[in-house]
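Here is how the chains run, residue by residue.
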Amino acid sequence: MFADIHAVLFDLDGTLIDSAPDLGAAADKMRVDRGLPPLPLLDYRSMAGAGARGMIGVALGLTPEHADFPALREEFFTNYEQCLTQRTYAFEGVPELLDNLTAQGLPWGVVTNKSARFTDPLTRAMPLFMSARTVVSGDTTAHAKPHPEPLLEAARQLGVEPARCLYVGDDERDIVAGLAAGMGTVAATYGYLGEKADPSRWGAHATINFPGALLQLLAKT
């Protein structure tokens, strides 16, 4: 599966960067603004991959079915915009991984369900993404993951056949999308795995427990 890879694509949050501190801070501000005591980051971390739904659920105990959810979601988004990169950082080993891929002549990019409203300013602000050849957001195409279209769009932008692309992500939706796109798939277990997540059941072609393991995987082929 990995013998003839021409490009590597990554999920963003929980795979390349740890944005849980800023996501948690944006949600916790909603609590503090309502006179509620702050919660520890640990309470938010496992739900970081679930976006506004997960963060608001932790902060206020409300679901998308609640009548006030749309307004609360926009409040969360506004809070998040104000702290996008204050506490967000690359996972240990990620900069070295991306530098190595670039040195090998392997183009890399990002395919995320995060909307361009946040993806664009975040990737512009972090030097980590200067060498990215493509960034596809959750609203770049008509569909978001687990639909394969965002991955197929990234492959088109890179000019690489999907079968020659590898997709790395920390959520089951990433693996479902990658498989549907006909790509090699790698589950990253160091990301935002929920309490009930079991990557061994996702059907990924391989699993890595730290970013540098991807290089080891590619080197074996």
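Residues numbered from 1 in each chain as written. Predicted model: local features only at pLDDT ≥ 70, side-chain atom pairs only at ≥ 80, totals over all residues. Heavy atoms only, no water.

Trainee: I keep staring at the layout of surface pockets and nothing clicks. Help me out?
Mentor: Take a probe with the size of a water molecule and roll it over the atoms, and the empty space left behind shows itself. Reported here for the largest pocket is a volume of approximately 610 Å³. A class-by-class count of the residues in the lining of the largest pocket yields 12 nonpolar, 5 polar and 10 charged. (1 Å grid on protein atoms, 1.4 Å probe; cavity = no way out; pocket = protein on both sides within 12 Å on 5 of 7 lines; lining within 4 Å. Points joined across faces, edges and corners; volume = space filled by probe spheres on them. Nonpolar A, V, L, I, M, F, W, Y, C, P; charged D, E, K, R; others polar.)

Trainee: Explain the nonpolar core here, please?
Mentor: Across soluble globular proteins, you tend to see nonpolar side chains buried next to one another. Within the largest apolar cluster, 51 residues are counted, with the highest numbers of intra-cluster contacts made by Phe 10, Phe 129 and Leu 214. The element best represented in this core is helix H1 (residues 20-33), accounting for 5 residues. Counting residues in each nonpolar core, the second largest holds 14 residues, with Leu 158, Val 160, Cys 165 and Ala 181 among its members. (Core = buried A, V, L, I, M, F, W, Y, C linked by side-chain atoms within 4.5 Å. Buried < 20%, exposed > 50% of the residue type's maximum accessible area, 1.4 Å probe, protein only. Helix = DSSP H or I, 4+ residues; strand = E, 2+ residues; numbered from the N terminus.)

Trainee: How should the pattern of salt bridges be read in this particular structure?
Mentor: Between side chains of opposite charge, a pair can form when the charged atoms approach closely. Counted by the stated rule, this structure contains 13 salt bridges. Between Asp 11 and Lys 145 there is a salt bridge, with its nearest N and O atoms 3.0 Å apart. Residue Asp 11 is located in the loop between strand E1 (7-10) and strand E2 (17-18), and its partner Lys 145 is located in the loop between strand E5 (134-136) and helix H7 (149-158); the two are separated by 134 residues in the primary sequence. Accessibility assignment for this pair places Asp 11 and Lys 145 in one class, buried. Arg 156 is the salt-bridge partner of Glu 153, the closest N and O atoms lying 3.0 Å from each other. Highlighted residues: Glu 153 and Arg 156, both in helix H7, separated by 3 residues, approximately one helical turn. (Salt bridge = Lys/Arg side-chain N within 4 Å of Asp/Glu carboxyl O.)

Trainee: Before we go on, may I ask you to explain the pairing of strand E6 (residues 165-169) in this structure?
Mentor: Regular strands show a simple pattern: their side chains alternate between the two faces of the sheet. Counting buried positions along E6 gives 5 out of 5 residues, so the element sits mostly inside the fold. Here E6 shows no split at all, with Cys 165, Tyr 167 and Gly 169 on one side and Leu 166 and Val 168 on the other all buried. Bridge count for E1 against E6 is 4 bridges, and the pairing is parallel. Bridge pairing in E6 links Val 8 to Leu 166. Direction of pairing for E6 relative to strand E7 (residues 184-188): parallel, over a ladder of 4 bridges. If you follow Tyr 167 over to E7, its bridge partner there is Thr 185. In the classification by handedness, the crossover that spans E6, the intervening helix H8 (residues 172-180) and the parallel E7 is right-handed. (Pairing = 2+ DSSP bridges. Right-handed = clockwise from strand over helix to strand, strands pointing away.)

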